[in-house]
Structures are given as structure tokens and as C-alpha cells.
Amino acid sequence: MFFHPLDILILPAFLLSLWAQFRVRGTFNRWSEVHTASGLTGYQAARMMLDRNGLHDVPIEPVPGTLSDHYDPIHRVVRLSEHVYYENSISAVSVACHEVGHAIQHSVHYPMLVVRHKIFPVVNIASGAAPFLLLAGFLFHATGLIGLGIIFFSCAVAFQLVTLPVEFNASNRAREIMVSEGFITNDEERGVAKVLNAAALTYVAAALISLLELLKYILIFTQSDRD
């Protein structure tokens, strides 16, 4: 049985997630039209931020796609979407410096990032197996499979919760360095905050949905166990 009264709360959370994704794209597009006073492109800002934090050996690569920007901790490379890499705008510089924030976290062994890296291999397996275990458990009324599925799904939820402080910390690092190093002016910080906060909201919404779903499965499991 997959329907549960808690779905009444999951639906608004799902709608929040859709709105967050729509908002991050809208905010990115809005501030992509506003050039920075410094004239820096996303690549230039990222390169300067890396170099000023002693990360001269971390390369920056352009990649296709929109909002495909990320830091690869395995190969220690910052990858920026072509719009961010080449353009001079509030959005481009904000996103680029946020990804460099992750590179800095990696270099200083930011605790939550270390935890996320350590649990990723387990989460990668557990998150893939959890849906099948839960489905099989509910279909065959096998409480053992449901319980195992919940444990595996809990790993994925834990990963999302650990991701939240990692993302917020990277954004805070980016904003502080961008202002102190003159990548942006104090007046431009408002646009930077809007871009980074919109992106952060997508992670919050995803974590909220996962938490509610986990609670739902736990309640169903405890009810079936009593029956």
C-alpha cells in the first residue's frame, strides 16, 4: 500500500520542488542579463578565486548544457557550463565561484564534504536498490524487505541532508570572497544572493520530499508490523 495520509504533505513539497526548479532557471536567466562592473567572466572569476586560495593546479573546463556546472572531487576539476564559462554576468560569476567554493572545501577538508564523499559509494548502491526492495516488500507483504528498503532509503536521505550544509557553505565562501576580492561590488551582492539562494532552494525542497517519503514508509512499516 503506497497511499498514505502523509501524501497530503508530500504533494505540496513536490510542488515546492517544481517551483524551485522553475525559479532557479528564471533567476539565472534574469541575472544573466546583468553584467558585472568588474567585467570578469565566469572562467576568469573562478580562476582568480582558485589561484588566490592556492589551488593553481585545479583546472577549469567548459562543458555543454545549462546549469551543468559542478566540481569533480575525483579528478579535482571545476567544470562550468559554456554560458557560465564564457559570459560576464552576475549569474555566471555567482555559479562559477560557488563551484570553486566546493574546490576550496575539498582542499581544507571541510567536515561535511568529507562525510559526503565517504558515504557516497554506499549511497550510490543503496539509493538504487531501495525502490526495488520497497516495491517488492509492499507487493508481497514482506516486512523484512520493507525494513531493508527503508534502511537503504535512509542512506539516500542522509546524503541529501549532508549535502545541505555543503551547498550553503560553498555559497557563503563564494559570496565572501567575491566581495572581498572585488569580483563584484556591494550593490551587486544582492543579485549574487538571489542566484545562489534560488539554487539552494532546490536542494532544500528535494531533502524535504525525501524526508517526508521516509517518514511515510516508516509509518506504513510500523502499521503493517502491528497488523
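Residues numbered from 1 in each chain as written. Predicted model: local features only at pLDDT ≥ 70, side-chain atom pairs only at ≥ 80, totals over all residues. Heavy atoms only, no water.

A. Structural context of the sheet that holds strand β3 (residues 77-81). Taken in spatial order, the three strands line up as β1-β3-β2 in an open sheet, and their pairing is mixed. Each end of this open sheet is capped by a strand with a single partner; those strands are β1 (60-63) and β2 (70-72). Looking at each pair of strands side by side, their axes are set apart by 30 degrees on average, direction ignored. Relative to β3, β1 runs parallel, the two being bridged by four bridges. In the strand pairing of β3, Pro-62 is matched with Leu-80. (Pairing = 2+ DSSP bridges. Helix = DSSP H or I, 4+ residues; strand = E, 2+ residues; numbered from the N terminus. Axes fitted to C-alpha atoms, helices over the stretch in contact; angles between N-to-C directions.)

B. Representation of the nonpolar core in the model. Ranked by size, the top nonpolar core spans 32 residues in total, and within it Met-49, Leu-50, Val-78, Leu-80, Cys-97 and Met-178 carry the most contacts. No other element matches the nine residues that helix α4 (residues 90-108) contributes to this core. The residues contacting Leu-80, other than those within four sequence positions of it, are Gly-42, Tyr-43, Ala-46, Ile-60, Glu-61, Pro-62, Val-63, Asp-69, Tyr-85, Ala-96 and Glu-99. With ten residues, the next largest nonpolar core counts Leu-134, Phe-138, Phe-153 and Val-157 among its residues. (Core = buried A, V, L, I, M, F, W, Y, C linked by side-chain atoms within 4.5 Å. Buried < 20%, exposed > 50% of the residue type's maximum accessible area, 1.4 Å probe, protein only. Contact = heavy atoms within 4.5 Å.)

C. Representation of the side chain of His-102 in the model. By the element assignment, His-102 lies in helix α4. Owing to a relative accessible area of 5%, His-102 belongs among the buried residues under this scheme.

D. Representation of the environment of Leu-215 within the structure. Within the secondary structure, Leu-215 is located in helix α7 (residues 189-226). Look at Leu-215 and you get partly exposed, because its relative accessible area is 39%. Each C-alpha atom of the pair Leu-215 and Ser-154 lies 9.7 Å from the other, and the pair is 61 residues apart in sequence.

E. Focus on helix α2 (residues 42-51). Taken residue by residue, α2 has Gly-42, Ala-45, Ala-46, Arg-47, Met-49 and Leu-50 as its buried positions. Among the structural elements, β1, β3, α3 (82-86), α4 and α6 (143-180) are those in contact with the buried residues of α2.

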